[in-house]
Amino acid sequence: MKGYSENYWAKRAKQYNKTNWVKNNSFIDAFIGMIPNNHYPNILEVGIGTGAVAEKVSERIGPLTGIDISQEMIDKINHDGITPIVANAHNLPFEDESFELIYMRNVIHYIDDPKKVFSEIYRCLKPGGQFLFSQVVPPDDSISKEYDWLVGRDIHYPTKREILGLFSSFHSVKQDDFVLEKQSIMNWLNNTCQNEDEKATIIERHRATSGAYRLLSNYEDASGDILVDIKHLMILAQK
Ligand SMILES: C[S@@+](CC[C@H](N)C(=O)[O-])C[C@H]1O[C@@H](n2cnc3c(N)ncnc32)[C@H](O)[C@@H]1O
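Let us look at the structure shown here. Since the model is a prediction, treat every value here as computed from it, not as a measurement. (Residues numbered from 1 in each chain as written. Predicted model: local features only at pLDDT ≥ 70, side-chain atom pairs only at ≥ 80, totals over all residues. Heavy atoms only, no water.)

### Brief notes about the overall build of the protein chain
Next up, step 1: Helix and strand counts for the protein chain stand at 10 helices and eight strands.
Next up, step 2: Compactness check: the protein chain gives a C-alpha radius of gyration of 18 Å against a globular reference of 18 Å for 239 residues, within 12% of the reference.
Next up, step 3: With the C-alpha coordinates aligned to their principal axes, the bounding extent of the protein chain is approximately 50 × 35 × 35 Å.
Next up, step 4: Scored against the burial criterion, the 239 residues of the protein chain give a buried share of 54%.
Next up, step 5: Of the contacts formed within the protein chain by residues at least 6 apart in sequence, a portion of 70% connects residues at least 24 apart.
Next up, step 6: A total accessible area of about 11,000 Å² is found for the protein chain, and carbon and sulfur atoms account for 47% of it. (Helix = DSSP H or I, 4+ residues; strand = E, 2+ residues; numbered from the N terminus. Rg over C-alpha atoms; globule rule 2.2 N^0.38 Å. Buried < 20%, exposed > 50% of the residue type's maximum accessible area, 1.4 Å probe, protein only. Contact = heavy atoms within 4.5 Å. Areas by Shrake-Rupley, 256 points an atom, 1.4 Å probe, with all protein chains shown as cover.)

Shown next as structure tokens:
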């Protein structure tokens with residue numbers, strides 16, 4: 001187990017929407033913009049969290065079901081077009097071939113077995129159905145180790161290569177990067193750290209980063225903050 005169970009998310013739920021990237025409209029627009037049409041009778045979000053993406057999908061495309069392991073995260077959702085269910089992505093509680101569209105944003109770095117989650121998503125998609133995916137990734141695969149160390153949470157951020165490997169059963173893959181520029185590390189830490197020691201360690205590590213990381217992330221030491229570009233890999237695939 002990675003230790004990022006429902007208890008971890010119960011603690012993060014209160015602050016979650018205050019983290020800048022979560023409700024960033026340009027990011028959500030770019031992500032949803034990859035969906036090729038707007039006729040999907042059955043839509044599922046895996047790891048729906050507080051419903052930041054789901055609110056827009058339900059308004060622009062149609063009603064949807066969302067699963068998440070955390071009751072506290074989905075308790076933040078209050079929207080007619082969204083049916084939230086507490087469930088584990090490793091065992092989706094749906095029949096085979098139930099959905100025309102499944103999507104998932106920034107979940108796989110928290111789960112134990114990404115391959116199993118991808119096979120569950122594949123199983124629940126109708127033939128020809130679409131899977132839209134987004135994941136924060138290191139600015140370049142070559143600095144993956146440093147990136148994991150820098151975040152300091154015993155999390156492995158999957159590289160682009162690892163992610164593409166998870167799509168081996170799918171076809172018609174289309175992909176794009178979305179870079180959130182000049183993201184405040186202090187905003188992220190203030191809303192995600194469990195204690196002051198964790199915050200101090202992560203700041204210290206950022207200040208000790210390599211020239212390669214600094215160049216790739218447009219690192220900027222601002223007064224009382226550190227600003228970096230954060231890269232998200234977005235992929236649209238078909239069953
Ligand atoms: C970083 S949040 C992303 C939330 C949402 N997708 C978004 O983009 O705002 C990760 C979410 O994954 C959920 N999660 C983690 N492990 C899970 C699992 N095994 N099954 C279902 N959800 C899980 C967490 O509870 C949390 O809500």
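### Some words on the site of the ligand
Next up, step 1: Around the ligand there are 21 residues in total, and Gly47, Asp68, Asn88, Ala89 and Arg105 lie nearest to it.
Next up, step 2: Interatomic distance of 3.0 Å between a side-chain N/O atom of Asn88 and a nitrogen atom of the ligand.
Next up, step 3: Ala89 places a main-chain nitrogen or oxygen 2.8 Å from a nitrogen atom of the ligand.
Next up, step 4: With the chains in place, 98% of the 590 Å² that the ligand exposes on its own is no longer accessible.
Next up, step 5: Of the residues that constitute the shell around the ligand, the class distribution is 12 nonpolar, six polar and three charged. (Near = heavy atom within 4 Å. Polar contact = N/O pair within 3.5 Å; in protein donor to acceptor, adjacent residues only side chain to side chain. Nonpolar A, V, L, I, M, F, W, Y, C, P; charged D, E, K, R; others polar.)

### Points about the environment of Ile235
Next up, step 1: Here Ile235 lies in strand 8 (residues 225-238).
Next up, step 2: A relative accessible area of 0% places Ile235 in the buried class.
Next up, step 3: Here the alpha-carbon distance between Ile235 and Val173, two residues 62 residues apart in the chain, equals 6.7 Å.
Next up, step 4: In contact with Ile235, not counting residues within four places along its chain, are Met34, Phe131, Leu132, Phe133, Ile163, Leu164, Phe167, Val173, Lys174 and Gln175.

### A closer look at the side chain of Asp148
Next up, step 1: Tracing the chain through its elements places Asp148 in helix 6 (residues 144-151).
Next up, step 2: A polar side-chain atom of Asp148 sits 2.6 Å from a polar atom in the side chain of His156.
Next up, step 3: The residues contacting Asp148, other than those within four sequence positions of it, are Ile155, His156 and Tyr157.

### A few points about helix 2 (residues 25-32)
Next up, step 1: All of the buried residues along helix 2 are Phe27, Ile28, Phe31 and Ile32. Here the buried residues of helix 2 occupy an arc of 120 degrees about the axis, which is enough to place them on one side.
Next up, step 2: Considering only its buried residues, helix 2 is in contact with helix 3 (52-60), strand 4 (99-105), strand 5 (125-137), strand 6 (171-184) and strand 8.
Next up, step 3: Two to three positions downstream of the cap, the backbone nitrogen of Ser26 sits 3.1 Å from a side-chain oxygen, assigning the N-cap of helix 2 to Asn24. (Arc of directions from axis to C-beta.)

### Observations regarding unusual backbone geometry
Next up, step 1: In this structure, Lys182 is a non-glycine residue whose phi angle is positive, near 50 degrees.
Next up, step 2: For Lys182, the location among the structural elements is in strand 6.
Next up, step 3: Its identity is not glycine, yet Asn218 carries a phi of approximately 55 degrees, on the positive side.
Next up, step 4: Tracing the sequence through the fold places Asn218 in the loop between helix 10 (211-217) and strand 7 (220-222).

### Let's talk about helix 8 (residues 185-192)
Next up, step 1: In terms of residue burial, helix 8 counts as a mostly covered element, since six of its eight residues are buried.
Next up, step 2: Buried within helix 8 we find Ile185, Asn187, Trp188, Leu189, Asn191 and Thr192.
Next up, step 3: On the buried face of helix 8, the contacting elements are helix 1 (6-12), helix 6, strand 6, helix 9 (196-207) and strand 8.
Next up, step 4: A side-chain oxygen of the first residue of helix 8 lies 3.3 Å from the backbone nitrogen of Met186; this N-cap is Ser184.

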